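Now for the letters of each chain:
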Amino acid sequence: MSINILAIESSCDETSAAVIVDGRVLSNSILSQDIHEIYGGVVPELASRAHQRHIIAVVEKAIREAGTRKERIDAIAFTQGPGLMGSLLVGVSFAKGWAMAAGIPLISVNHMQAHILAHFIDEPLPSFPFLCLTVSGGHTQIVKVSDYLDMEIIGETRDDAAGEAFDKIGKLLGFPYPGGHLLDKYAGKGDAGRFVFPKTEIPGLDYSFSGIKTAVLYFLRDQLELDAQFIEKNIHDLCASVQQTLIVMLFDKLVQAADQAGISEVAIAGGVAANSLLRQRLFEMENSGWKVYVPEIEYCTDNAAMIGMAGYFKFMSGEFADLSVTPDARLQL
Ligand code: KG4
Ligand code: ZN
């Protein structure tokens, strides 16, 4: 008998549903909320309302694209946290309602664990233990992954997440929110050695990204006083220099972590894993003996397919939630 899981993701500003059958992704429907763009960041109240408005259509699309029927769903997996409370509540309530009405089991999923388990959607599959650098708009973590559901954080940010740094600096440079991918795109034609921004050094495997954002803010303020067109004239070099600084910071600690742990299987996950320089640096490490893993971009940014994969592994190990489960905005790995 095959196991059909419907998965729901609603932790931030993507409403997503997926159907996973025996650990294989049959559909992954994602609606990215563009309402936040004009505000320069995710507005939690608007995010939860948009999830509420779209969740039924997104789920129906996922079921249709999987070529299945509602009656064939055996279990429902949902993101319990971390994330925005109001957004999580929409997905959790939807999942509970479905599980109760259909009389099927409920599986709660940790969003950060799911980002890592996205590596098991497509070949090549990492082997245990491996390290995963999970870098998103909300998190920056180096995780030692010993098994599907056995993970330990060995380094993390003490302030801003890497994606947040990309987005906040992107905003200073005039990009709409979230500006990470645009900064990456403009950096492609720029000279990364043109401007030098200070890297915040913290002992151990932790990160700090708030200093570079402030350094860029003051640098731009000073330059704009001399030339009001400074950003427009130098946008490519500015992006390349900022990107280089952020990615070198991310990468140095990852190399340090791999050396310390004696692990050479290394993966990246989360929205910032879409960054072209981060990918390039990672693949270059293959020459130094690393085996590296990068999910398809569709599975790097927030999506329900990864929630379904985590749901599948929890189903197989018999880990179910009961109907009194509630969202946890600060759920730890
Ligand atoms: O994982 P994700 O979709 O959502 C969260 O859980 O936060 O990550 C979104 C983050 C945003 O900060 C976005 O700017 C960043 O990923 N991002 C990028 C790139 N594509 C997305 N950052 C740098 N370079 C990119 N190409
Ligand atoms: Zn995420």
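Residues numbered from 1 in each chain as written. Chains lettered and ligands numbered in written order. Predicted model: local features only at pLDDT ≥ 70, side-chain atom pairs only at ≥ 80, totals over all residues. Heavy atoms only, no water.

(A) Spatial organisation of the overall build of the chain. A tally of helices and strands in the chain yields ten helices and ten strands. When its C-alpha atoms are laid out on the principal axes, the chain stretches across 65 × 45 × 30 Å. Out of the 333 residues belonging to the chain, those deemed buried represent 53%. Here the chain displays about 14500 Å² of accessible surface, and carbon together with sulfur accounts for 50% of that area. Where the 26 positive side-chain charges of the chain centre and where its 41 negative ones centre are 4 Å apart. (Helix = DSSP H or I, 4+ residues; strand = E, 2+ residues; numbered from the N terminus. Buried < 20%, exposed > 50% of the residue type's maximum accessible area, 1.4 Å probe, protein only. Areas by Shrake-Rupley, 256 points an atom, 1.4 Å probe, with all protein chains shown as cover. Lys, Arg positive; Asp, Glu negative; His and termini not counted. Charge placed at Lys NZ, Arg CZ, Asp CG, Glu CD.)

(B) Examining the coordination of the zinc ion (ligand 2) more closely. Distances from the zinc ion (ligand 2) to its protein donors, His111 (NE2), His115 (NE2) and Asp302 (OD), fall within 2.0 to 2.2 Å. Around the zinc ion (ligand 2), the four donor atoms are arranged such that angles at the metal cover 94 to 149°; this shape is classified as irregular. Sequence positions of the residues that donate to the zinc ion (ligand 2) give the spacing H-x3-H-x186-D. Residue His111 and its partner His115 are both found in helix 3 (residues 111-117); the two are separated by four residues, about one turn of the helix. Assigned by exposure class, His111 and His115 land together as buried. (Donors = N, O, S within 2.8 Å, 3.2 Å for Na, K, Ca; no water. Tetrahedral: all angles 85-135°; square planar, octahedral: opposite > 155°, others 65-115°.)

(C) Spotlight on the site of ligand 1. Near ligand 1, the surroundings consist of 20 residues, among which Gly137, Asp167, Asp184, Gly271 and Asn275 are the closest. One of the side-chain nitrogen or oxygen atoms of His115 is found 3.4 Å away from an oxygen atom of ligand 1. At a separation of 2.5 Å, an oxygen atom of ligand 1 approaches a polar side-chain atom of Asp167. When ligand 1 sits alone it has 560 Å² of accessible area, and the protein chains cover 88% of it. Its residues placed into classes, the shell around ligand 1 shows five nonpolar, twelve polar and three charged. (Near = heavy atom within 4 Å. Polar contact = N/O pair within 3.5 Å; in protein donor to acceptor, adjacent residues only side chain to side chain. Nonpolar A, V, L, I, M, F, W, Y, C, P; charged D, E, K, R; others polar.)

(D) Fine view of the pairing of strand 6 (residues 130-135). Burial analysis of strand 6 places six of its six residues in the buried class, which makes it a mostly covered element. Burial of the side chains of strand 6 extends over both faces: Phe130, Cys132 and Thr134 are buried on one face and Leu131, Leu133 and Val135 on the other. Linking strand 6 to strand 7 (residues 140-147), which pair antiparallel, is a turn of four residues. Sheet topology places strand 6 next to strand 9 (residues 265-269); four bridges connect them, and they run parallel. (Pairing = 2+ DSSP bridges.)

(E) A look at helix 4 (residues 162-172). Of all the positions in helix 4, only Ala162, Gly163, Ala165, Phe166, Asp167, Ile169 and Gly170 are classed as buried. Looking at the buried side of helix 4, the elements it contacts are strand 6, strand 7, helix 5 (180-187), helix 6 (210-226) and helix 7 (230-261). Following helix 4 by one or two positions, Gly174 has its phi on the positive side, about 95°. (Contact = heavy atoms within 4.5 Å.)

(F) Geometry of the domain arrangement of the chain. Assigned domains within the chain: domain 1 (4-116 + 300-316) and domain 2 (126-294). Inter-centroid distance (C-alpha atoms) of domain 1 to domain 2 is 27 Å. Across the contact, 14 residues belong to domain 1 and 19 residues belong to domain 2. At the boundary of domain 1 and domain 2, one finds zero salt bridges. For the pair domain 1 and domain 2, the number of links is one residue pair in polar contact (both at pLDDT 80 or more). Secondary structure elements with two or more residues in the side of domain 1 that touches domain 2: helix 3 and helix 10 (304-316). By residue number, the principal contributor to the side of domain 1 that touches domain 2 is helix 3, which donates four residues. A class-by-class count of the residues in the side of domain 1 that touches domain 2 yields six nonpolar, five polar and three charged. (Domains from an automatic or database assignment. Salt bridge = Lys/Arg side-chain N within 4 Å of Asp/Glu carboxyl O.)

(G) Examining the environment of Thr15 more closely. With respect to the helices, strands and loops of the structure, Thr15 is situated in strand 2 (residues 14-21). Classification of Thr15 by relative accessible area gives buried; the value is 1%. Remark: the alpha-carbon pair of Thr15 and Ser32, spanning 17 residues in sequence, is separated by 6.5 Å. With residues up to four places along the chain from it excluded, the contact list for Thr15 reads Glu9, Ser29, Ile30, Leu31, Gln33, Ala50, His51, His54, Ile55 and Val58. Of the polar contacts made by the side chain of Thr15, one reaches the side chain of His51; its length is 2.8 Å.

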